[in-house]
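Remarks on the overall topology
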Amino acid sequence: MAPATGTAGAPVRRLTVLYDAACSLCTHVRDWLLRQPRLVELDLVPAGSDEARRLLPGLDHAATLEEVTVVGDAGQVYRGAAAWIVVLWALRGHRALAHRLSTPAGARLARGAVLAAAKWRGGQRQWGGNGYRRADGWVYEPGLGWMYAGPGCADGTCATG
């Protein structure tokens, strides 16, 4: 995926990585990223969180819960395989791999890896895993089942119909 219009020539000095805080794979990768030496600073922010909405008010936050999203400091937006490639590019020990994955053949491999992770994540959602949030406000919590936690439900009371 190409960066946002008008940002193609802008240098990248910082990336905001939006991850699903309710996904064990996503939090594992977040923890791994925190331990990696970086060439570009990474801010790891839970997708759909108040912090994400405050930092990136123009972003479709519902979409960030469905597909990994990384935002550059000049407004560049990367999703899916491109997001993972740019994150690897930011890491000292993985920039060469990022360059290889940015080729047509490498991009197919990166896309396959992202699809495999999404499939695993989907299986965790389907079978309980560590919980699951949908963009429409429904939340699955193991042991409790499905609950609606949309806007205006923070106190546990929601208007229906």
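This write-up is about the structure you can find in this document. Given the structure is predicted, the values throughout are model-derived calculations rather than measurements.

By the secondary structure assignment, C26 is in helix α1 (residues 24-35). Expressed as a C-alpha distance, the spacing of C26 and P46, which sit 20 residues apart in the sequence, is 9.8 Å.

Moving on: the pattern of salt bridges. Applying the stated criterion across every chain yields a total of two salt bridges. We note a salt bridge from D43 to R14, for which the minimum N-O separation is 2.6 Å. Highlighted residues: D43 in strand β2 (residues 41-46) and R14 in strand β1 (residues 14-19), separated in sequence by 29 residues. Close ionic contact of D31 with R30 constitutes a salt bridge, the shortest N to O distance being 2.8 Å. With relative accessibility at 21%, the residue R30 sits in the partly exposed group.

The next point concerns the packing of aromatic side chains. For the coordinates displayed, the defined rule picks out zero aromatic pairs. One cation-aromatic arrangement involves R95 over W89; the distance from NZ or CZ to the ring centre is 4.0 Å.

Let's shift gears to the pairing of β1. When you tally the buried positions in β1, you get five out of six residues, the bulk of the element. Bridge count for β1 against β2 is six bridges, and the pairing is parallel. When the sheet's bridge partners are listed, Y19 is paired in β2 with P46. Once you follow β1 into α1 and on to β2, the crossover reads as right-handed. Two elements, β1 and strand β3 (residues 69-72), share four bridges in a ladder whose sense is antiparallel.

Thresholds, definitions, all that
Residues numbered from 1 in each chain as written. Predicted model: local features only at pLDDT ≥ 70, side-chain atom pairs only at ≥ 80, totals over all residues. Heavy atoms only, no water. Helix = DSSP H or I, 4+ residues; strand = E, 2+ residues; numbered from the N terminus. Salt bridge = Lys/Arg side-chain N within 4 Å of Asp/Glu carboxyl O. Buried < 20%, exposed > 50% of the residue type's maximum accessible area, 1.4 Å probe, protein only. Phe/Tyr/Trp six-rings, centres within 6.5 Å; stacked < 30°, edge-to-face > 60°. Lys NZ or Arg CZ within 6 Å of the ring centre and 35° of its normal. Pairing = 2+ DSSP bridges. Right-handed = clockwise from strand over helix to strand, strands pointing away.

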